[in-house]
Number of protein chains: 4
Amino acid sequence: MTDPSLAVGGRREELLRAAARVFAEKGYHGARISDVAEEAGVAYGLVYHYFRSKDELLETIFHESWGRMVAVLESLADSPKPALERLRLVTTALLRTWQQEPDLVRVLVREVARSPQLQDRAGEFGAAFTVIRRVIEDGQASGEVRSDIDARLAAWIVYGALEEILTGWVLGQLPDDDDAVAQAERTLADVVFGGIAR
Amino acid sequence: MTDPSLAVGGRREELLRAAARVFAEKGYHGARISDVAEEAGVAYGLVYHYFRSKDELLETIFHESWGRMVAVLESLADSPKPALERLRLVTTALLRTWQQEPDLVRVLVREVARSPQLQDRAGEFGAAFTVIRRVIEDGQASGEVRSDIDARLAAWIVYGALEEILTGWVLGQLPDDDDAVAQAERTLADVVFGGIAR
Amino acid sequence: MTDPSLAVGGRREELLRAAARVFAEKGYHGARISDVAEEAGVAYGLVYHYFRSKDELLETIFHESWGRMVAVLESLADSPKPALERLRLVTTALLRTWQQEPDLVRVLVREVARSPQLQDRAGEFGAAFTVIRRVIEDGQASGEVRSDIDARLAAWIVYGALEEILTGWVLGQLPDDDDAVAQAERTLADVVFGGIAR
Amino acid sequence: MTDPSLAVGGRREELLRAAARVFAEKGYHGARISDVAEEAGVAYGLVYHYFRSKDELLETIFHESWGRMVAVLESLADSPKPALERLRLVTTALLRTWQQEPDLVRVLVREVARSPQLQDRAGEFGAAFTVIRRVIEDGQASGEVRSDIDARLAAWIVYGALEEILTGWVLGQLPDDDDAVAQAERTLADVVFGGIAR
DNA sequence: GATGAATGAGATTTCATTCAT
DNA sequence: AATGAATGAAATCTCATTCAT
């Protein structure tokens with residue numbers, strides 16, 4: 001099997017992508033291992049050749065994609081630009097992921113971010129908070145951001161707004177065509193930076 | 001009436017409260033009917049006298065509590081006060097519920113909001129968004145709120161911020177003593193109303 | 001279901017007996033839970049109502065039957081008779097079990113006594129050794145038994161001889177009609193008591 | 001040649017020894033082909049170059065080692081010595097094998113002797129009984145052994161005693177240092193030859 | 001109302017075996 | 001000879017739901 005259409009990765013990555021698609025469509029609990037195998041076009045025992053359990057599949061999807069995501073966010077947060085500009089870059093990057101990898105976002109938003117074991121993954125999720133919080137604190141240090149608000153709570157609020165917009169898209173309750181995405185990016189920045197009050 | 005909790009008294013309500021506790025702790029899928037029965041101190045066959053299925057249990061928790069919640073929010077949103085003041089009342093009411101019924105909030109946030117059948121409940125969930133959105137539109141009409149942002153997206157953002165703070169409390173990652181709750185209320189209002197930019 | 005033919009015990013005991021029969025016929029590994037359920041005439045899942053796992057089924061058969069067995073042996077060993085007579089009673093009781101509960105003996109001999117986890121059960125098995133050893137030591141004290149042999153090793157040898165005869169019956173390699181059983185009892189006693197040398 | 005062990009040298013023999021070690025530790029059913037391969041330090045596909053199946057592995061261990069063992073016993077039984085002396089040589093040879101190849105003994109005792117297909121191997125196993133029995137019958141002919149006991153049953157008893165002592169060593173319940181082994185040999189001969197009665 | 005025994009569909013997981021390289 | 005990816009039958013176990021008492 002040397003199908004060149006699967007440019008990136010081998011069977012393992014193929015399975016991870018198939019799993020993300022299936023979990024996205026049916027939910028983690030609604031998906032059977034055989035669905036994943038079928039989606040990947042392999043026998044279902046093969047899933048267990050690469051992953052110890054169904055749970056490890058979800059865990060791996062989370063770890064690897066979230067790790068990449070956090071790396072991107074950190075590089076954006078470290079660029080030599082004004083804090084507010086960097087904050088905009090970070091939030092935009094998070095929102096854009098939806099368009100690039102909707103299945104992945106769907107899984108992260110619906111299955112991982114709200115699972116009962118979220119506790120265990122809090123640390124990894126927290127890395128994204130930390131990025132946002134650090135940018136906000138930079139802004140307070142540079143005078144771009146008000147000093148009378150708690151940076152940690154503000155980061156929490158920003159992250160929640162982001163996740164809810166993504167959720168709206170995931171659930172099909174907010175329009176997600178290119179224009180709508182651009183508008184969402186703008187509105188989020190407007191509200192976060194300038195508030196809603198006139 | 002500012003208490004959207006499940007009404008007290010009677011086996012049925014006892015079971016609903018027990019189910020909320022169990023679902024909150026283990027998640028809907030991780031919870032067994034026998035766990036619910038055990039938590040309520042009854043035989044598990046009895047659950048089926050009061051509810052047709054496990055799903056109906058969740059459905060009932062959602063309907064009865066969310067309906068009350070929306071009623072409370074609507075009454076607050078309809079009071080003859082400035083729009084921003086009403087918005088603050090609404091968000092505060094949502095946050096305060098956490099303190100009164102943490103298990104309930106946990107279930108609503110984690111289990112109901114992400115279930116595959118969310119489509120069916122979108123209307124009911126949307127009622128809360130609608131309340132927030134209407135208040136924001138009122139504010140735009142009265143000039144209290146900027147007209148250059150989309151009220152619907154703004155409502156979405158506000159709701160997301162709220163839910164994230166609740167999640168932070170649920171996960172024990174944000175302090176939830178009285179002072180911290182008050183501060184969260186203030187910060188949320190500050191950010192939403194005035195933005196973070198100086 | 002109030003079938004009076006199953007005079008002893010309820011469903012649980014019915015299942016244990018069925019499991020012993022199935023394990024005896026197919027071996028522990030060759031037996032499926034569904035075989036046990038079918039043999040007992042109940043639905044599959046019911047087995048798990050009474051026992052946590054297939055292993056617990058085997059474990060329970062062992063515990064309960066071995067416990068009864070040891071109690072019998074101990075009562076025989078404690079009777080106010082000469083040591084050699086008591087030793088004969090004990091060995092005879094063990095051999096007679098084959099005729100009374102062949103399936104049980106088959107399971108104990110083939111599945112339990114040689115399982116890799118035998119270590120864990122050594123203590124319980126050891127109770128039978130202890131009975132035999134104590135009788136031999138009593139005999140040494142009273143002068144009935146030679147003092148120049150190690151009681152522990154002698155007990156081990158007696159027990160091994162017993163188990164091998166049972167194994168011969170289990171595997172159908174030794175005749176087990178009433179006469180043959182009586183002869184085996186006699187020969188065992190002869191050899192153990194008097195040796196084979198003339 | 002008094003070494004019934006699996007012949008040294010070559011991948012095939014390496015695999016047989018590895019299999020014996022793994023079967024001894026985990027039991028036949030608890031052992032995976034991959035465990036055997038890992039123990040031998042080869043890829044597990046290779047096992048299938050040398051053996052058709054897992055079962056053939058066990059079968060081969062049995063045939064090759066048991067065949068050698070029986071040959072050794074037969075040569076001892078055929079030596080021109082008194083019957084009781086030859087019996088002592090035979091039992092001692094069996095016990096000594098334990099010290100040389102404990103894993104092998106463990107497998108023969110626990111896995112082969114109790115497998116459901118034992119019927120097929122009964123003949124081969126029986127060869128050892130036959131050796132013992134023949135020596136006893138020789139003894140009866142020569143007057144060394146009492147004629148009033150059944151030689152076949154006596155052979156079973158002797159074999160059972162042997163196996164139980166081996167089991168005690170396998171399970172670590174009997175001491176197996178050189179002195180203890182020598183004492184076991186002596187005690188076994190004492191009991192079998194002279195009985196325990198004074 | 002209340003109990004918990006009984007059912008059985010359905011899912012995960014294991015692992016001997018095959019086979020392409 | 002050697003590797004290990006790939007297969008899939010088969011087994012265990014779970015648990016929502018039903019039902020007799």
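What you see is a predicted model; the values in this text were computed from it and never measured.

(A) Focus on the overall build of chain A. Regarding its fold elements, chain A presents nine helices and zero strands. The order of helices and strands in chain A, counted from the N terminus, is α-α-α-α-α-α-α-α-α. Projected onto its principal axes, the C-alpha positions of chain A cover 60 × 35 × 30 Å. Counting only residues that meet the buried cut, chain A has 53% of its 198 residues in that class.

(B) Spatial organisation of the interface of chain A and chain B. Every contact between the two is made by 46 residues of chain A and, on the other side, 49 residues of chain B. Taking both partners together, chain A and chain B bury about 4800 Å²; carbon and sulfur atoms supply 63% of that area. Taken as a group, Arg114(A), Trp156(A) and Ile196(A) account for 17% of the area that chain A buries against chain B, more than any other trio of residues on that side. On inspection of chain A and its partner chain B, the count reaches three salt bridges.

(C) Structural detail: the environment of Ala128(C). Residue and element names in this part refer to chain C. You can see Ala128 is positioned in helix 7 (residues 118–142). Separated by 55 residues in sequence, Ala128 and Leu73 place their C-alpha atoms 7.5 Å apart. Sequence-distant contacts of Ala128, that is, excluding residues within four places in its chain, are made with Trp66, Val70, Leu73 and Tyr159.

(D) Structural detail: the packing of aromatic side chains. Residue and element names in this part refer to chain B. Tallied over the full model, the rule gives 25 aromatic pairs over all chains. Centre to centre, the rings of Phe23 and Tyr28 are 5.2 Å apart; their planes meet at 70°, and the pair counts as edge-to-face. What makes Phe23 buried here is its relative accessible area of 1%. The interplanar angle of 25° and the centroid separation of 4.2 Å between the aromatic rings of Phe129 and Trp156 together place this pair among those described as stacked. Taken together, the residues span a long stretch of sequence, with Phe129 in helix 7 (residues 118–142) and Trp156 in helix 8 (residues 151–170) at a distance of 27 residues.

(E) Representation of the protein's contact with DNA strand E in the model. As a structural note, the neighbourhood of DNA strand E is formed by 29 residues, with Tyr44(A), Tyr50(B), Arg11(C), His49(C) and Tyr50(C) the closest of them. Sugar plus phosphate: this is where 67% of the atoms of DNA strand E within 4 Å of the protein reside. At a separation of 2.3 Å, a phosphate oxygen of DNA strand E approaches a polar side-chain atom of Tyr50(B). Between a phosphate oxygen of DNA strand E and a side-chain N or O atom of Arg11(C), the distance comes to 2.7 Å. Going through the elements one at a time, helix 3 (47–50) of chain B together with helix 3 (44–50) of chain C are the ones with two or more residues in the surface near DNA strand E. Residue contributions to the surface near DNA strand E peak at four residues, all from helix 3 of chain C. Grouping the amino acids of the surface near DNA strand E by side-chain chemistry returns 17 nonpolar, six polar and six charged.

(F) Structural context of the protein's contact with DNA strand F. DNA strand F sits among 30 residues. The nearest are Arg11(A), Tyr44(A), His49(A), Tyr50(A) and Tyr44(C). Of what DNA strand F places within 4 Å of the protein, 62% of the atoms are sugar or phosphate. In the environment of DNA strand F, a base nitrogen lies 3.3 Å from a nitrogen or oxygen atom belonging to the backbone of Gly45(A). A distance of 3.5 Å is found between a phosphate oxygen of DNA strand F and a backbone nitrogen or oxygen belonging to Ala31(B). Contributing elements (two or more residues each) for the surface near DNA strand F: helix 3 (45–50) of chain A, helix 3 of chain C together with helix 3 (47–50) of chain D. Top element by residues in the surface near DNA strand F is helix 3 of chain A. It accounts for four residues. Classifying every residue of the surface near DNA strand F by side-chain character gives 18 nonpolar, six polar and six charged.

(G) Highlighting a negative patch on the surface. All names here are of chain A. Among the surface-exposed residues, Asp176, Asp177, Asp178 and Asp179 lie close enough to one another that they form a single negatively charged patch. Take Asp177: it is sitting in the loop between helix 8 (151–170) and helix 9 (178–194). With a relative accessible area of 40%, Asp177 lands in the partly exposed category.

(H) Spotlight on the relation of the copies chain A and chain B. Overlaying chain A with chain B gives an RMSD of 0.6 Å, the required rotation being 179° about an axis along which the chain moves by 0.1 Å. Overall, the copies show the geometry of a two-fold rotation axis. Ranked by how close their C-alpha atoms come to the rotation axis, the residues of chain A are headed by Gly195(A), at 1.6 Å. Here 93% of the interface residues in chain A have copies in chain B that are interface residues too; the copies meet face to matching face.

(I) Structural view of the side chain of Gln140(A). All names here are of chain A. One can find Gln140 in helix 7 (residues 118–142). For Gln140, the side chain forms a polar contact with the main-chain oxygen of Ile149, separated by 3.0 Å. Once you skip the residues sitting within four places of it in the chain, Gln140 turns out to touch Val145, Arg146, Ser147, Ile149 and Ala151.

(J) Examining the arrangement of the chains more closely. When C-alpha atoms are compared, chain A and chain C, though not in contact, are closest at a spacing of 21 Å. Taking C-alpha atoms only, the smallest gap left between chain B and chain D, which are not in contact, amounts to 30 Å.

(K) Region of interest: the pattern of salt bridges. Overall, the coordinates contain 56 salt bridges over all chains when judged by the stated rule. Taking the shortest distance from any N to any O, the salt bridge between Glu64(B) and Arg12(B) comes out at 2.4 Å. Of this pair, Glu64(B) sits in helix 4 (residues 54–77) while Arg12(B) sits in helix 1 (residues 10–26), placing them 52 residues apart in sequence. Linking Asp148(D) and Arg146(D) is a salt bridge whose minimum nitrogen-to-oxygen distance equals 3.0 Å. Classification of Arg146(D) as buried rests on a relative accessible area of 15%. By sharing partners, the salt bridges in this structure join Arg12(A), Glu13(A) and Glu64(A) into a single network.

(L) Quick look at helix 4 (residues 54–77) of chain C. Here helix 4 of chain C spans 34 Å end to end across 24 residues, near enough to the 34 Å set by a 1.5 Å rise per residue. Residues of helix 4 of chain C that are buried include every one of Lys54(C), Leu57(C), Leu58(C), Thr60(C), Ile61(C), Phe62(C), Ser65(C), Trp66(C), Met69(C), Val70(C), Leu73(C) and Ala77(C), and no others.

(M) Region of the structure containing the confidence of the model for chain A. Residues and elements named next belong to chain A. Per-chain confidence: chain A averages 91 in pLDDT, with 95% of residues scoring 70 or above. Looking at the elements of chain A, mean pLDDT is at its lowest for helix 7, recorded as 91, and at its highest for helix 3, recorded as 97. Every residue in residues 1–7 scores below 50 in pLDDT, and together they form three contacts with partners more than four places removed in sequence or on other chains.

(N) Spatial organisation of the domain arrangement of chain A. Residues and elements named next belong to chain A. For chain A, the assigned domains read domain 1 (1–52) and domain 2 (62–196). Here domain 1 and domain 2 have C-alpha centroids that lie 28 Å from each other. Contacts between the two partners involve eight residues from domain 1, matched on the other side by six residues from domain 2. Counting the surface lost from both domain 1 and domain 2, the interface buries some 570 Å², and carbon and sulfur atoms represent 55% of this. Taken together, the connections running from domain 1 to domain 2 amount to one salt bridge. Between the two partners, domain 1 and domain 2, sit two residue pairs in polar contact (both at pLDDT 80 or more). Taken together, the residues of the side of domain 1 that touches domain 2 sort by class into five nonpolar, one polar and two charged.

(O) Representation of helix 1 (residues 11–26) of chain A in the model. Residues and elements named next belong to chain A. Across its 16 residues, helix 1 extends 22 Å between first and last C-alpha, which sits within 8% of the 22 Å expected from 1.5 Å per residue. Turning to helix 1, its buried residues are Glu14, Leu15, Leu16, Ala18, Ala19, Ala20, Val22, Phe23 and Ala24. Those residues of helix 1 hidden inside the fold are in contact with helix 2 (33–40), helix 3, helix 4 (54–77) and helix 6 (102–112). Just beyond helix 1, the residue with positive phi is Gly27, at close to 85°.

Thresholds applied
Within every chain, residues take consecutive numbers counted from 1 along the sequence as written. For this description, chains carry letters from A and ligands carry numbers from 1, given in the order in which they are written. Totals for whole chains, interfaces and linings use every residue, but because this is a predicted model, local features are given only for residues with pLDDT of at least 70 and side-chain atom pairs only at 80 or more, for both listing and counting. Side-chain measures were taken over the full set of non-hydrogen atoms in the model, leaving aside hydrogen atoms and water. Strands here mean DSSP runs of E at least two residues long; helices mean DSSP runs of H or I at least four residues long; both are numbered from the N terminus. The buried label goes to any residue with under 20% of its type's maximum accessible area, the exposed label to any with over 50%, and the partly exposed label to all in between, with areas taken from a 1.4 Å probe on protein chains only. In what follows, a contact means two residues having at least one pair of non-hydrogen atoms within 4.5 Å. As used here, buried area is the combined drop in accessible area, with a 1.4 Å probe, of two parts when they are placed together. Should a side-chain nitrogen of Lys or Arg be within 4 Å of a carboxyl oxygen of Asp or Glu, the pair is scored as a salt bridge. Side-chain rings of Phe, Tyr and Trp (the six-membered ring for Trp) are treated as a pair once their centres are within 6.5 Å; stacked means planes under 30 degrees apart, edge-to-face means over 60, and tilted covers the remaining angles. One heavy atom suffices: a residue is near a molecule or strand as soon as one of its heavy atoms comes within 4 Å of it. Polar contact is defined as a pair of N or O atoms within 3.5 Å, subject to the rule that within protein one atom must be able to donate a hydrogen and the other to accept it, and that residues adjacent in sequence are counted only when both atoms are side-chain atoms. Note that Gly is not counted as nonpolar here; it falls among the polar residues with everything else outside the nonpolar set of Ala, Val, Leu, Ile, Met, Phe, Trp, Tyr, Cys and Pro and the charged set of Asp, Glu, Lys and Arg. Think of a patch as exposed residues, more than 30% relative accessible area, with no salt bridge, where like charges cluster within 9 Å and nonpolar side chains (Val, Leu, Ile, Met, Phe, Trp, Tyr) cluster within 5 Å. Computed by Shrake-Rupley with a 1.4 Å probe, the accessible areas treat only the displayed protein chains as cover when residues are assessed. This count recognises Lys and Arg as positive and Asp and Glu as negative, with His and chain-terminal groups excluded. By convention, charge coordinates are those of NZ in Lys, CZ in Arg, CG in Asp, or CD in Glu. Residues reaching a pLDDT of at least 70 in both copies supply the C-alpha atoms on which the copies are superposed by least squares. To estimate how far a helix should reach, multiply one less than its number of residues by 1.5 Å. A score from 0 to 100, pLDDT tells how confident the predictor is in each residue. Residue ranges assigned to the domains are those given by an automatic or database domain assignment.

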